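# Structure assessment
Chain by chain, the residues run as shown.
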Amino acid sequence: MAKRICLILFLSVSFVLNAQAYMVSVFIIESGLPMEGVKNDHSKQLENAFFDVFFDAGYIVSNTPMMRVPSKPKMSMEKFVESEVDEAREGGADYFIAAQIDYSGDSLTPSEISLVLFRTTPYMIIQERKVKIKAYKSEKDEIDDLKNIVKGLIPRINEH
């Protein structure tokens, strides 16, 4: 009996020590909103969706402070977030996700989200995706939809 307990304990410790979780860094960019003001609720919900989905999938998640720009960046997303990707790599992140939320017009509701998933080492873009945002009946519907959008990135990470 003592041998069995020792064996189970040894195997348990071995599995725990060999477990590896990937680290994902998330960067939210708001475009089309006034430069002053607090974070938009929709942006916070997207950031929370990233944390919820990736944490539940077993990833370590960190974020870069949200950035607000007056309009969509003219340069490619890859160039726009280059320094943030470098910082994430230096901080130990295996993957980096840039999510640019476009608030076009005078609305405080986003019209589109552009997602770019990077692998930090070796540096490469894994996926680029644009998602049109629809009108939601409730906040719960919006949160559920955002989580489904984020869940779509996990299989791409698991492939690499």
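To start, this report covers the structure provided alongside it. Just so we're clear, the structure is a prediction, and the values are computed from it rather than from any experiment.

### A short note on the pattern of salt bridges
One pass over the structure, following the stated rule, counts nine salt bridges. Linking lysine 72 and glutamate 112 is a salt bridge whose minimum nitrogen-to-oxygen distance equals 3.0 Å. Here the residue lysine 72 occupies a position in the loop between strand E2 (60–69) and helix H3 (77–80), and glutamate 112 occupies one in strand E4 (residues 112–120), the gap between them amounting to 40 residues. The exposure class assigned to glutamate 112 is buried, which follows from its relative accessible area of 8%. Put simply, arginine 89 and aspartate 86 hold a salt bridge, and the shortest N to O gap is 3.0 Å.

### Topic: the layout of surface pockets
Considered as a void within the structure, the largest pocket measures approximately 180 Å³ in volume. Looking at the largest pocket, it is lined by 13 residues, and the ones nearest its centre are Met75, Met77, Gln100, Ser114 and Lys130. Residue assignment for the lining of the largest pocket shows that the elements contributing at least two residues are H3, E4 and strand E5 (123–132). Of the residues belonging to the lining of the largest pocket, the class tally is six nonpolar, three polar and four charged.

### What to know about the side chain of histidine 42
Tracing the backbone through its elements, the reader meets histidine 42 in helix H2 (residues 41–56). Of the polar contacts made by the side chain of histidine 42, one reaches the side chain of glutamate 142; its length is 2.5 Å. Look past the residues within four positions of histidine 42 in its chain and what remains in contact with it is Tyr103, Leu108, Thr109, Pro110, Glu142 and Leu146.

### A look at the nonpolar core
Val24, Ile28, Leu46, Phe50 and Phe54 are the most contacted members of the largest nonpolar core, which has 29 residues in total. Elements supplying a minimum of two residues to this core: strand E1 (23–31), H2, E2, strand E3 (95–102), E4, E5, helix H5 (139–151) and helix H6 (154–159). Ranked by residues supplied to this core, first place goes to H2 with five residues. Beyond its immediate sequence surroundings of up to four residues, valine 24 is in contact with Phe54, Tyr59, Ile60, Val61, Ser62, Tyr95, Ile97 and Ile157. In this structure, Val69, Val81, Val85 and Ala88 belong to the second largest nonpolar core, which totals twelve residues.

Rules behind the numbers
- Residues numbered from 1 in each chain as written.
- Predicted model: local features only at pLDDT ≥ 70, side-chain atom pairs only at ≥ 80, totals over all residues.
- Heavy atoms only, no water.
- Salt bridge = Lys/Arg side-chain N within 4 Å of Asp/Glu carboxyl O.
- Helix = DSSP H or I, 4+ residues; strand = E, 2+ residues; numbered from the N terminus.
- Buried < 20%, exposed > 50% of the residue type's maximum accessible area, 1.4 Å probe, protein only.
- 1 Å grid on protein atoms, 1.4 Å probe; cavity = no way out; pocket = protein on both sides within 12 Å on 5 of 7 lines; lining within 4 Å.
- Points joined across faces, edges and corners; volume = space filled by probe spheres on them.
- Nonpolar A, V, L, I, M, F, W, Y, C, P; charged D, E, K, R; others polar.
- Polar contact = N/O pair within 3.5 Å; in protein donor to acceptor, adjacent residues only side chain to side chain.
- Contact = heavy atoms within 4.5 Å.
- Core = buried A, V, L, I, M, F, W, Y, C linked by side-chain atoms within 4.5 Å.

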